[in-house]
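Here are the chains, one letter per residue:
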Amino acid sequence: MGDAGYGIDPKVVQRIAQEVKDVFDLGVEIALVVGGGNIFRGIKASASGMDRASADYMGMLATVMNAVALQDSLEKIGVFTRVVSAIEMREVAEPFIRRRAIRHLEKRRLVIFAAGIGQPFFTTDTAAAMRALEIKADVLMKATGVGGIYTADPRKDANAVKIDELTYLRVLQEELAFMDASAVSLCKENRLPILVFDMTQHGNIQRVGSVRTGRASTSLLDNIHVEYYGSQMPLNQVATIHAPEASMLTVQPFDPSLINDIEKALRSSELGVNPSNDGKLIRIPIPPLTEERRKQMVKVIHEMAEDHKTAIRNIRRDSNDKLKKLLKDKAISEDEEKGGLDDVQKLTDGQIAKLTELTRHKEEEILKV
């Protein structure tokens, strides 16, 4: 809702969408759970005399409105998104079906879970924990308006102390109110890590979204191509890719005759994997990373970064050539050409700096044991 007292601020939604896209572009599979407090707060309405169940249902409907707003912003910047609702409303969102939601994630679609779990008396926190467990998420990240977990609300208590790391049991014993107790209990029972961060600080979503989880990701195979009817096709367009275990990927070709070609492409790639197939399914064990393998991966990442930097510089060259041609044709003045060349250089420097920073973060992530 931004600085307003209620409703949806399009600028805030657009900012969140762009920051989420930055993480999505790293290859992370993302599912979001949205609340509805900016439109309707169930507890507050209940305290004012409204029946709690009715108030909660209204709050659930508010989360659907937020989910659709977020979907609109995400799809405008190129992120394919599915809104999945626990309350059936097919004209607006898909009904929640666990396997379908997982399938969307595997197909590189961002999933937004709305309407909580479809039942009153459950908070958004509990819905987030339940959905995270159902889709076998690696981590549950709680976005707040403060920079972490404190002994009290730092906006109200100047003596509040920040806690950098703590156990589920301590949260429950000390009744730390950053998250609903039932949600924390669910995560405790299923050993799901919780990471709390301040979403109002620019770049934080990307910083926490690139957290290491140690789980094999289907995005590992994004750059694998297979020859099919004379064309080089991306692997995910000719086969279904799954991550059934933390250290295992499977590939099932749509056309069984491709299985040997796919296995060959995997073996000849720079991934260093040792796939096997049973005639129908290819299994790819992902071994623990040795120090040597980590260094090899860092080398590959730097090579990829250099390729992208070259592509950026080529775009700069083409843009400069167009500006020079416009000057030659007297379509622009010398001052306009100079201004355009300066703008192109600033854009180039900014994109290369961003790529360098992403490469540095990824190198640190891979080398961290």
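Before going into details, it helps to say that this report is about the structure given with it. No experiment lies behind these values; they were computed from the predicted model shown. (Residues numbered from 1 in each chain as written. Predicted model: local features only at pLDDT ≥ 70, side-chain atom pairs only at ≥ 80, totals over all residues. Heavy atoms only, no water.)

At their nearest, the axes of helix α5 (residues 124–134) and helix α7 (residues 181–190) sit 7 Å apart, and the two run at 20° to each other. As the angle between them shows, α5 and α7 are arranged roughly parallel. Contacts between α5 and α7 involve D125, T126, A129, M130 and L133 from the former and S182, A183, L186, C187 and N190 from the latter. Taken together, the residues of the contact of α5 with α7 sort by class into six nonpolar, three polar and one charged. (Axes fitted to C-alpha atoms, helices over the stretch in contact; angles between N-to-C directions. Helix = DSSP H or I, 4+ residues; strand = E, 2+ residues; numbered from the N terminus. Parallel < 35°, antiparallel > 145°, perpendicular 65-115°, else oblique. Contact = heavy atoms within 4.5 Å. Nonpolar A, V, L, I, M, F, W, Y, C, P; charged D, E, K, R; others polar.)

For the rest of this paragraph, the subject is a nonpolar patch on the surface. On the surface, a cluster of nonpolar side chains totalling about 240 Å² of accessible area is made up of I8, I39 and M65. Relative to the helices and strands, M65 resides in helix α3 (residues 52–76). Residue M65 is classed as partly exposed on the basis of its relative accessible area of 49%. (Patch = residues over 30% accessible without salt bridge, like charges linked within 9 Å, V, L, I, M, F, W, Y side chains within 5 Å. Areas by Shrake-Rupley, 256 points an atom, 1.4 Å probe, with all protein chains shown as cover. Salt bridge = Lys/Arg side-chain N within 4 Å of Asp/Glu carboxyl O. Buried < 20%, exposed > 50% of the residue type's maximum accessible area, 1.4 Å probe, protein only.)

Moving on, we get to the side chain of T240. On the secondary structure map, T240 appears in strand β11 (residues 239–245). A relative accessible area of 14% means that T240 is categorised as buried.

What follows deals with the nonpolar core. The biggest cluster of nonpolar side chains holds 25 residues, and the ones touching the most others in it are V20, I30, L70, L74, L110 and I112. Among the secondary structure elements, those contributing two or more residues to this core are α1 (10–24), α3 and β4 (110–114). Tallying contributions element by element places α1 first for this core, with six residues. Setting aside residues up to four positions removed in sequence, I30 forms contacts with V20, V23, F24, L105, R109, L110 and V111. (Core = buried A, V, L, I, M, F, W, Y, C linked by side-chain atoms within 4.5 Å.)

Take helix α4 (residues 98–106) next. All of the buried residues in α4 are A101, I102, H104, L105 and E106. Elements that come into contact with the buried residues of α4 comprise β1 (31–33), β2 (81–85), β3 (94–95), β4, α5 and β11. Count one or two residues on from α4 and you reach R108, which has phi positive near 65°.

Let us look at the environment of L176. As for its placement among the helices and strands, L176 is situated in the loop between α6 (168–174) and α7. As a C-alpha pair, L176 and T151 span 25 residues in sequence and 6.6 Å in three-dimensional space.

On to the packing of aromatic side chains, then. Following the criterion strictly, the structure yields two aromatic pairs and no others. Note on F96 and F113: the rings are 5.8 Å apart at their centroids and 70° apart in plane angle, and the pair reads as edge-to-face. Residue F96 is found in the loop between β3 and α4, and its partner F113 is found in strand β4; the two are separated by 17 residues along the sequence. Taking 4.7 Å as the distance between ring centres and 70° as the angle between the ring planes, the aromatic pair formed by Y228 and Y229 counts as edge-to-face. Judged by relative accessible area, Y228 falls into the partly exposed class, the value being 26%. (Phe/Tyr/Trp six-rings, centres within 6.5 Å; stacked < 30°, edge-to-face > 60°.)

It is worth spelling out the sheet that holds β2 at this point. The parallel open sheet is built from four strands, whose spatial order is β1-β4-β2-β3. Only two strands of the sheet have a single neighbouring strand rather than two, namely β1 and β3. Pairing of β2 with β4, which is carried by five bridges, proceeds in the parallel orientation. Following the sheet pairing, V84 is matched in β4 by F113. In this fold α4 packs onto β1, β2, β3 and β4, with an angle of close to 150° to the strand it touches most, β4. (Pairing = 2+ DSSP bridges.)

Of note, R108 is a non-glycine position whose phi angle comes to about 65°, a positive value. Note on placement: R108 falls in the loop between α4 and β4. One non-glycine residue, A115, adopts positive backbone phi at about 65°. Considering the arrangement of structural elements, one finds A115 in the loop between β4 and α5.

Right, let's get into the sheet that holds β11. One open sheet holds the four strands; their spatial order is β11-β12-β14-β13, and the pairing between them is antiparallel. Two strands close off the open sheet at either side, each with one partner strand: β11 and β13 (276–277). Taken together, the two bridges between β13 and strand β14 (residues 282–285) define a ladder with antiparallel strand orientation. Pairing of N277 across the sheet is with I282, part of β14.

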